[in-house]
Structure formats: C-alpha cells, structure tokens
Amino acid sequence: MKTGLLIIGSLLLIIVVVVQIGKITELAAKIRGEEEVQIETNNRMGRFMMAFLIAFMALVFWSAIKYKNYMLGYGPHEAASSHGPELDSMFNWTLFFTGVVFVLTHIALFYFAYKYKGRKGVQAAFLPHDNKLEIIWTAIPAVVMCFLVIRGLVAWNEVMGDVGADDEYIEVEATGAQFLWYLRYPGPDGILGERNYKLITGSNPLGQDWTDDANLDDFQPTDLVLPVGKKVRVRITARDVLHSFFLPHFRVKMDAVPGMPTYFVFTPTKTTEEYRQELSKYPEYQLPSDPNDPESEPLWKTFNFELACAELCGKGHFSMRKVVRIVTEEEYKAWLSEQQSYYMTTIRGKDDDPRKGELLPGESAPTEEAAPAEETTNAEETTTSDE
Amino acid sequence: MAHATTTVQDQETKLIEELGYDDHFHEHEHGDKYKSNFITKYIFSQDHKIIARQFLITGIIWAIIGAAMSVIFRLQLGFPDESLAWLQPLLGKWIEIDAATGVGKLSQEFYYALVTMHGTIIVFFVLTAGLSGTFSNLLIPFQIGARDMASPFLNMLSYWFFFLAGVVMFFSLFLSTGPFAGGWVAYPPLSALPQASDGSGAGMTLWLISLTLFVVSVGLGGINYITTVLNLRTKGMNMWRMPLTVWAFFITAIIALLSFPVLVSGFLLLMFDRGLGTSFYLNEIFIGGQALDHIGGSPILYQHLFWFLGHPEVYIIILPAMGLVSEVLSTHCRKPIFGYKAMVYSILAIAFLSFIVWAHHMFMAGVNPFISNFFVIFTLIIAVPSAVKVFNWISTMYKANIRYNSASLFAIGFVSMFISGGLTGIFLGNSAIDIQMHDTYFVVAHFHIVMGVAAFFGMFAGIYHWFPKMYGRFMNETLGRIHFWGTLIGAYAIFWPMHYLGMAGVPRRYYRFDSFEYLRPFEDMNQFITIAAIITFGLQILFVVNFFYSIWKGKKMTTKNPWGATTIEWTTPIEPIHGNWPGKLPAVQRWPYDYGKDGREFIPQIEPIGPNETEVH
C-alpha cells in the first residue's frame, strides 16, 4: 500500500512539474514572439528527426544481428522438416524485399522531415502530382508482389497437399482437449479405429469404438515419436473447443476443430539427437539447463522438440505441451515394439468393455499385441480411417 | 501582424457574404433553435460538435481502461514470479494470494479476461467509436459546409447506443464469473459453452449484448455520415473538392454499414447456440464430463462471419486515421497532398479489397487450402494501394516547409508506423509463411503497429490539430512534443522485439512461458517489453492531463484560422454557434490543397479561381 501511495504521489509530482514546464515555455513563446519560437522548434524537431532516423536504423540492425538466432532459417532455429527450408527461404526473401523498402522509405521520410523543416521566408514547392512517378511506384510493388505471391502459392499448395494414393506414410492422430493433447497411433494394422464422441468416458478419453477391430491395437503414447525421413500424416481433432497443433521446429500448424478432422503432412529431417548436436555449436545452448544449478546438463543436451497449442482454448491454453522425439528408423521400430495397445491394457476384461468375455479375431485368449510388422504404414489401409 | 490577420478574416467574411449560399437557416431559427438547457446542450445534444466531443471523451476514458488492462497483463508476462498482491485492492479475488508465502498471482482466468477486454475495448470502443465517431462527427459537417448532420437526432442516438454498449461492457467486468475471456474474436465453441470457460457464461452474454448495441450505434452513425456527405455538401463542393478526411470518413461509413450487420448475424447464431440449443457452430463436443447433443454445425462458419466484419474493421480503424494524417501533413507541410486523386482511388481500392480478403485470418483454421489461394492474392494486392499512399505522404514532405508541432509530428510518426506495420503484413498475408507465423507474437507486433499504434498516432494528430476547433483553445505544445517522442520511441520499444519472439515461434495468448523449454530464453525480452509498456502508458497520462487541462486553461485561440488551412471549417467563428456559420454558407471554389500556389502560402477554398490562375484537378 505504501509503495502504491508513493508511486501515485511521485506520478502526481511529475505531472505537476511537466505542466509547469509547459506553461513556462508557452510564456516564453509569448515574450519572444511566436514566429521566432516556431522556427526554433522546427530546427530542433528537424534535428530530432535526423537523430531518430540514425538511432532507429542502428537499433534495427543491431537487434537483427543480436537476435539473428531467433530468425527463421538462421543459426539454431533451423527447420527440422523437409518443407521447412522452403518456407524459411520464402520468409527471408520477403524479409529482403520488405527490408529494402523499410530502410529506403524511412530514410526518405526522416531525411525530408529534417531537410524540409520550416524555415523563415521560404515557401514550399507546389507539386500537386506527377503521374509518371505514381505509375512507377504503383508498378514496382505490384511486380514484387507477383513474385512473392507466385512463390508463396507454389510452396503453400505443395505443403498443404494431402498424401497421394501410393505414398508411403505413417498416420498418427493428435486430439486437443482442455488442456492436454492425446496422441494415438494406429498399431500394427496401420488403421486408426473408429471414434464416436458419445462413447467418451474417463477410461476411453477419445471415444474409441471397441467393437471396431481396428481400435484394438491402437495405442496412446505420452510422447510424439516419429522416425526421421518418413512422411507423417497427422490427423488432428479436438474434443471440446478449438485448439491448434503447433510444432514450431517443424513449421507445422493446423487448427484442431471439434467434429471436423483436419490434417497436416510433413517429413521430419533431423533426429532429436542430430538437432542437439547442431545446437551444441551455439554458446546460448551451453548454459546450464537448470538456471539454479550450474552443474546441470547444458541446454543443448536436454533439448527436445515440442508440441504446443496455438489457438486460445481457455485458461490452461499455455500449458498444453507434449514432447516430440524424432528417432532413427531402428529406434522407432524398437519403440513401437514396446508400445501396448490401449484396449488391451486398460479396457480388456473391465466392466466397460463391450466385448467382455468375447474372443477377439485371431486369438483364443486375450494377449498383448505383438511387435508391429514392417508394413505398418500401408497407404490403402490407412486412408480408410480418414473422415 | 494582428492587423494583417484581421483583414484576412474580414476578407473571408466578405467572400462568404458575397458568394455564399443563403439557405435562410438563421431566418427560420430565431435565437436558440432547441431552447437548450444544460441537459439538451451538453448531454442529450443533437449538435455534431458536442456529439464529437462526447465520442472523444468517452473514447479517451475507454482508452485509459483498455491500456491499463494491458499494463496489468504485461506485468504478468514480464514478471511472472513477482508478487502482484499490491493489485488486490483493485482486482480483488482475481489476485490469488498464497496463504503461506503471501505471494499474489494474477488468476489465469482473469489474465485471459484482461487480454480479451483489452482487445475488444481498444478495437471497438476506442479506435472505432473514439476515432471515426469523433472526427466524422466533427469534420464532415464542418468541411463540406453543412449546418449539421443530416439527422441530428439519429446522430444523438448513435452516441447513446455507444454509451449504453460501454455501460453493459463495464458491468461485465464486475461479474463473479468474470468478463468474457475467450479472446476478442470470441471463437466458438469456447465462447458458446459456459463449461469451457467461466467468462463464457454471463460475461459472454453481456459481451454479445454490448457489441450488438455497439453495432446499432455504428449503423446510426454510418447512415448519417453517408447521407450528410451525399446530400449536404455546400455550393461548389463537388466530390473532387472534398478534403481527404471527408473521403476517408465517407468510405469508412460505407464499409462499416456493409460489414457490421454481418457480425450481428454471426452473433445472433451464436446467441441461438448458447440459449436455444441450436447447432450452428457446434458439433460433436465432449466437455465437462458430458457429450453434448449439438451435431452438424461448424465453428469455422462463425470465423467466416466474424472476419467478414473483422477484416474490414481494421480499415474502418485505419482509413479515418489516414484521412486525418493526409490533411494534417499537407496543412503543416504548407504543400498540397501529393497525388490527391491517387489518394482517393487508393482509399476506394483498399475499401473494395477489404471485403474479399477476410479468410487470410483463417489460413490455418482448417478451411480448404485451395480457397486460401484466392485470399493470398487479394491480400497481397492491398500492398499496392497502401504503398501508393505511403509514397504520396513522403512526396508531400519533399520540398515542403514543415511547421513542427504536436499534430505534424504525430502525422509523420503515423507514416513510420504504417510502413513498419504494413510491411510485416506481407509476411502474414502469404499463407506459406503464415503456417509458422499464425497466432505468434509476430502477428501481435504486426497488428499493434499497423492498426493500433498507427491509428492512435492518426487520432493524436487529429486531436492536436483540431483541438482549437473543438474547444477554442490550444493544447500545450511542449507536453505534446514530449508525448510524441516518448510514444514513438516507446511504441517501437514495445512492439519491435515482439517480431523476434514471433519468429522464434512464441505463441500469443500465453499466460506464462515456462511450460515449454523453447519459450524460456525470452525472459529478458519480455521484461524489457513490460517496462517499455509501463513507461509508454505513463506518457499517455501526460496526454490526458494536457487534454483536460487545456480544455479550461489552454492558450486561447485568437484567430479563426491558426494553422493557415484552406478548408472551410476554419472560416467558422471561434466560439462555436449552432448552424456553424453565422450568415450564409460558404461557397467552395477550388480543391482543398492550394498550399504554396502562385507564390501565396495558402489559398482558402472559398476564394474564387483568379483570372490568371489554372485550377488543379
């Protein structure tokens, strides 16, 4: 409370002082003649404009160099997906064009502000328009825009396209809910089983229909684990409100919409381990991962790709994190073989199992699902699970 | 000097009497038309000059509230571990105090409510009503030579619906479940379901009522502005002789009238979903342990309806600011605005394009990616008329004789902000880049600079410039200049670093950044932004003090036309009177930008074209 009063008191004091300064300058202007004071003001403001231009440009370039490592495609912030570098290059081309325009227009703006400050006895030139000039500066931006639009749209249609009929890919599912992500893999059959939101219960968070055989081998891991170099189709859904599936390191983003599955297809190009090795070259990643413990591992060693939510979904929006691990093909297979079917571990034989006491196809008694075969990702099979 | 100005004024009066148009206004209105007492003169006033001031002061009050909210949530973002217990007297239960340590935390729910209210208030109440409402009301009748608006009564209603909208929104701040907290865009299902967020209960109901009232206000105002411009122009004031301010207000009113009703239709469907069990926006939702019956709707439908207003809305905000800046810049450069017709055509082009780009807010919303192709093309085409405007403003300053004061400083600052913020739009409008940038701080930086700060700069330029017209006094220049330099530097200090945050993938609308490893390195930057925001907010208090102090104590206006402007609002008496001009209405003889022509510093619009003079078209 005391500090609050102190702040208010000092604020009031500052205001009073400033108002007095204002009054005094007004009085001074009256005494010295308004025109003379205006010319003096013009000179001072003109010089300020020039100073601002220099300082502003210097700070812009300084900050761009200082924070280079945050910018797309530079330093450690390199894309880890196959389509990422194209987007980063688009970004940098746009940065180049807009940067040139930014610098030139600012130099013109503030230089004119300095050069043509009001002087005594000078009259402004009468220049109402110049059609030739105006046509030129309509045409130049139009041409640059054409270049950016064409490149942008080619990239966009490439990136946003769905998988082709004979593409080989892995399909996984991410479901946003307040306030966590559920991940689901199709299991050895390569098919994500049917879901119905009316079937959602505490033990069946995704509303999987257990009478659909395709669901029996689906599993729900804690981390999003993907093999490097393999095309992934993420089926994105939401359980309650809008969410957005955002993988910043992979340049992947797509809203999760309740009742309407969306998708994003991408190919990871770097394993987590490879990305860590690259980060280890940068001094900012040598800092201890725990700021309170200088002995802790350096940041690059503990680095992980992350999945975030990018669409406001309520008060826990900021905390919807999942770890993304990109591994080699062998590691991926080993990992897959360890995963256990959600149905088998959590539902089978319980009260809410609709197939309780029933024999499952191809078995005589409930057993754990075996390791996946090589052909986990057959296109023809997986497309049936879409929609 | 004093003698010379008197003769100029006498000459002007003579010109109006000789050439003006006699509408016999004062013959029919003996004395006080409305027999006004305090209430009809200052409160339920039908005079456009009073209504303009009502819009402005209400806008300023809302701006203080909206900006103060941003300071509070910036404290949370910059200093998430500091105790905010000292804010408890103001925020009450929204500061959650840990009984053991005494550390006060801003509640998550209320953080999002602040973010939401900040956006809603600034976009609608300040930059729509406070900016366009103020200056359309003040300047349209003055600059086209009208006695008042076409319908002074609807004009009064327009203000009072805005006031009512404000009252409802203000009440929603005190609900026990808190005001609406689902973002100013209010996307369902979050905004449709009270189970999804506390603020989506009564808070959202009041939010919807408030904004519906607001749209009524915009509609009543808009009809009036359009009718007045089309029907009440004085003799000689053809469309190509209108100042760019009037052009901007006119086009803005048309955009608003075409787009705001679509927002209401979107809101109506949302109200049905909330209250009547319909499923326009809802489909297959499981929330709060319950599967809802709503089936078959699409949340994306709402986004289409919302952004069909939402995108034109940003032009509803920025076009009036552009108009004000064009006028202020030309007047104080003592030079005609460069490419007047190109400026008008670019306003028209921007207005037209603003209706066919809305889905660029929805590239990543799950709409068919093919559709995005069209929206990318039209969005990036907007860069062309915008560039033309920028180049024309800069050319207006070429070989000028700039008179520096708070108004012209803010006009120049506007151009800088519009360039900086406009260029980042080229990144975001390109859907391929938007994949990464969508909903990050890059977007926050972009729209705050281009339509937040820039529009505020335009508004400040307008206020400093026309303050003498409104109150017969000047605002203090020294304070105004401190205000300008502080705000220019402060605004860049706040929003420039956000570009880097956005590039690094920091999502917007996060309460804390420590849940994610990749968001941790930005602590210093967030602290810097918060400190810059607090200082910049403090400087706005300086403006508010200057504004209210100057209303009563500012330097008095001694001549009718202190800026040496050509436009006809400066031919009215210093003491405002009902009907604006005491005798005849002035007749307009030329375009509004004859500055520095034929060796004369300026030629008023009411002066006929001389025998040896060529008219500028």
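Residues numbered from 1 in each chain as written. Chains lettered and ligands numbered in written order. Predicted model: local features only at pLDDT ≥ 70, side-chain atom pairs only at ≥ 80, totals over all residues.

### Section: the domain arrangement of chain A
All names here are of chain A.
Thinking step 1. Taken as a whole, chain A is organised into domain 1 (40-118 + 131-160) and domain 2 (170-355 + 368-383).
Thinking step 2. Each of domain 1 and domain 2 was reduced to a C-alpha centroid, and the two centroids are 38 Å apart.
Thinking step 3. If you look at the interface, domain 1 gives ten residues, while domain 2 gives 17 residues.
Thinking step 4. Of the residues assigned to the side of domain 1 that touches domain 2, the class counts are four nonpolar, six polar and no charged. (Domains from an automatic or database assignment. Contact = placed C-beta atoms within 7 Å. Nonpolar A, V, L, I, M, F, W, Y, C, P; charged D, E, K, R; others polar.)

### A few points about the interface of chain B and chain A
Thinking step 1. Each side of the interface is counted separately: chain B has 100 residues, and chain A has 96 residues.
Thinking step 2. Of the residues forming the side of chain B that touches chain A, the biggest block, nine residues, is contributed by helix α14 (residues 406-429) of chain B.
Thinking step 3. By residue class, the composition of the side of chain B that touches chain A is 64 nonpolar, 23 polar and 13 charged. (Helix = DSSP H or I, 4+ residues; strand = E, 2+ residues; numbered from the N terminus.)

### Points about the pairing of strand β8 (residues 305-309) of chain A
All names here are of chain A.
Thinking step 1. The buried fraction of β8 amounts to five of the five residues, a majority that puts the element mostly inside the structure.
Thinking step 2. Here β8 shows no split at all, with F305, L307 and C309 on one side and E306 and A308 on the other all buried.
Thinking step 3. One ladder, built from two bridges, connects strand β5 (residues 243-247) with β8; its direction is antiparallel. Paired with F245 across the two strands is C309, which belongs to β8. (Buried ≥ 20, exposed ≤ 12 C-beta atoms within 10 Å, placed from the backbone. Pairing = 2+ DSSP bridges.)

### Re the nonpolar core
Thinking step 1. In terms of nonpolar packing, the biggest core is built from 280 residues, with A321, F410, F414, A454, A455 and A461 of chain B touching the most fellow members.
Thinking step 2. At 22 residues, the largest contribution of residues to this core is made by helix α6 (residues 108-144) of chain B.
Thinking step 3. Counting seven residues, the second-largest nonpolar core is a separate cluster that includes Y185, F219, Y342 and Y343 of chain A. (Core = buried A, V, L, I, M, F, W, Y, C linked by C-beta atoms within 7 Å.)

### Remarks on the packing of helix α2 (residues 34-66) of chain A against helix α3 (residues 84-115) of chain A
Residues and elements named next belong to chain A.
Thinking step 1. One way to put it is that α2 packs onto α3 with a least axis distance of 7 Å and a crossing angle of 160°. When the interaxial angle is binned, α2 and α3 end up roughly antiparallel. When you trace α2 past α3, the crossing you get is left-handed. In contact with G46, R47, M49, M50, F52, L53 and M57 of α2, α3 contributes V103, H106, I107, F110, Y111, A113 and Y114.
Thinking step 2. Taken together, the residues of the contact of α2 with α3 sort by class into eleven nonpolar, two polar and one charged. (Axes fitted to C-alpha atoms, helices over the stretch in contact; angles between N-to-C directions. Parallel < 35°, antiparallel > 145°, perpendicular 65-115°, else oblique. Left-handed = near helix turned anticlockwise from the far one by under 90°.)

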